[in-house]
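Report on the structure
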Amino acid sequence: MVGDGLEDAETGCLPPCMWIGRTHGCVVQPHGITLSGEIDDDFVNGFEQSLRHVEKRSPPNTPLPVYISSMGGDVYAALKMVDLIDASPMRIMTVAVGPCMSAAALLFACGCRRYAGPNASFMLHSVRCDIIEGKLHDVAVEHAEMLRLNGHMFELMSRRTGNEPGYFNARFGEGNTDSYVTPTQAREIGLATHIGVPTLTAHVSCTIDLDVATAATTEEPVEPVQRVLRRRREP
């Protein structure tokens, strides 16, 4: 669905997102928040600062588009961003423009409405760790944590997209390979709710209340000033 307006249903207003510049891959612009680059701790801090900036200047339940273009990154950092989204009084809608892969796909799945751009590319896979160092017991502990994190990530995506428990883990996690998803496929599996980049529509209305005050009048008319002056000159 292309061109779906994001104005608030009650007020018809868009969030007053004044541009404040780039902060660790996050940019606040009049149309929303843009996220680009690798998801890490600095990326999350920049997103939190941007989100707080908008929240202070917007009424609760105002729609806020978050545009995502990222190859992914740290799953722990992405989960913190999910918590920030859930705790926000804004209605956060995610928009995939360009690559939306790995941890970025997890973040995308948590929007109340999810827009996949016509040329967006999704990629999902199980969590991975490049190097694990330590004793045998340490490696076993890390392995158990990876299994827990992997299951939690895919269950979160299944729940947010309206699928049955275990759906995303069975389809994308058990094979342990990179799985690429087109915008059409993302819509079919519930990852995306709309195809297309939404347009913003601002509605401005003004109501003027005019109160007319009626001057109080006396029973006797006021004499003209010149007549009063003549009376004063008479002996």
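For the structure given in this document, a descriptive report is provided here. (Residues numbered from 1 in each chain as written. Predicted model: local features only at pLDDT ≥ 70, side-chain atom pairs only at ≥ 80, totals over all residues. Heavy atoms only, no water.)

Quick look at the overall build of the chain now. Along the chain, the regular secondary structure elements total seven helices and nine strands. Looking at the chain as a whole, 41% of its 235 residues qualify as buried. The contacts of the chain with a sequence gap of at least 6 include a subset with a gap of at least 24, amounting to 68%. Here the chain has roughly 13,800 Å² of accessible surface; of this, 54% comes from carbon and sulfur atoms. (Helix = DSSP H or I, 4+ residues; strand = E, 2+ residues; numbered from the N terminus. Buried < 20%, exposed > 50% of the residue type's maximum accessible area, 1.4 Å probe, protein only. Contact = heavy atoms within 4.5 Å. Areas by Shrake-Rupley, 256 points an atom, 1.4 Å probe, with all protein chains shown as cover.)

Let us look at the layout of surface pockets. If you roll a probe as big as a water molecule over the atoms, it shows you where there is empty space left. Roughly 240 Å³ of internal volume is contained in the largest pocket. Every residue lining the largest pocket is counted, 14 residues in all, and those nearest its centre are Val-75, Val-127, Arg-128, Cys-129 and Leu-149. Mapped by element, the contributors of at least two residues to the lining of the largest pocket are α2 (75-87) and α4 (136-160). Its residues assigned to classes, the lining of the largest pocket comprises six nonpolar, four polar and four charged. (1 Å grid on protein atoms, 1.4 Å probe; cavity = no way out; pocket = protein on both sides within 12 Å on 5 of 7 lines; lining within 4 Å. Points joined across faces, edges and corners; volume = space filled by probe spheres on them. Nonpolar A, V, L, I, M, F, W, Y, C, P; charged D, E, K, R; others polar.)

All right, on to the packing of aromatic side chains then. Under the defined criterion, the tally for this structure stands at three aromatic pairs. Measuring from ring centre to ring centre gives 5.5 Å for Tyr-167 and Phe-168, while their planes differ by 80°; the resulting arrangement is edge-to-face. Judged by its relative accessible area of 25%, Tyr-167 falls in the partly exposed class. Assessed through its relative accessible area of 0%, Phe-168 is described here as buried. When the ring of Phe-168 is compared with that of Phe-172, the centres are 5.5 Å apart and the planes differ by 35°; the resulting orientation is tilted. Here Phe-168 pairs with Phe-172, and both are found in helix α5 (residues 167-173), just four residues apart, close to one helical turn. (Phe/Tyr/Trp six-rings, centres within 6.5 Å; stacked < 30°, edge-to-face > 60°.)

A word on empty space enclosed by the protein. Counted under the stated rule, the structure contains one cavity of 30 Å³ or more. There is about 60 Å³ of room inside the largest cavity. Lining the largest cavity, in full, are Val-75, Ser-102, Ala-103, Leu-106, Leu-124, His-125, Met-153, Phe-154 and Met-157. Among the elements that take part in the lining of the largest cavity, α4 stands out by supplying three residues, more than any other. Within the lining of the largest cavity, the residues separate by chemical class into seven nonpolar, two polar and no charged.

Below, the discussion takes up α4. A rise of 1.5 Å per residue sets the reference length of α4, with its 25 residues, at 36 Å; its end C-alpha atoms lie 36 Å apart and thus fit the reference within 8%. Listed in full, the buried residues belonging to α4 are Leu-149, Asn-150, Met-153, Phe-154, Leu-156, Met-157 and Ser-158. Buried residues along α4 sit in contact with α2, α3 (103-108), β7 (121-124) and α5. After α4 finishes, the residue Gly-162 shows a positive phi value of roughly 80°. (Expected span 1.5 Å × (residues − 1).)

Here we take up the pairing of strand β4 (residues 63-70). Among the eight residues of β4, seven are classified as buried, and the element is accordingly described as predominantly covered. Note that strand β3 (residues 32-36) and β4 share four bridges and pair parallel. Across the sheet, the residue bridging to Leu-35 is Ile-68, located in β4. The parallel pair β3 and β4, bridged by helix α1 (residues 41-56), forms a crossover whose chirality is right-handed. Taking the sense of rotation as the criterion, the β-α-β connection linking β4, α2 and strand β5 (residues 91-101) turns out right-handed. (Pairing = 2+ DSSP bridges. Right-handed = clockwise from strand over helix to strand, strands pointing away.)

In this model α1 runs 23 Å from its N-terminal to its C-terminal C-alpha over 16 residues, within 8% of the 22 Å that 1.5 Å per residue would give. Along α1, the residues that are buried comprise Phe-43, Val-44, Gly-46, Phe-47, Ser-50, Leu-51, His-53, Val-54 and Glu-55. Its side-chain oxygen at 3.3 Å from the backbone nitrogen of Asp-42, Asp-40 defines the N-terminal cap of α1. (Polar contact = N/O pair within 3.5 Å; in protein donor to acceptor, adjacent residues only side chain to side chain.)

For the rest of this paragraph, the subject is a negative patch on the surface. The grouping of Glu-38, Asp-41, Asp-42 and Asp-74 at the surface amounts to a negative patch. Summarising the element assignment, Glu-38 is placed in the loop between β3 and α1. (Patch = residues over 30% accessible without salt bridge, like charges linked within 9 Å, V, L, I, M, F, W, Y side chains within 5 Å. Salt bridge = Lys/Arg side-chain N within 4 Å of Asp/Glu carboxyl O. Lys, Arg positive; Asp, Glu negative; His and termini not counted. Charge placed at Lys NZ, Arg CZ, Asp CG, Glu CD.)

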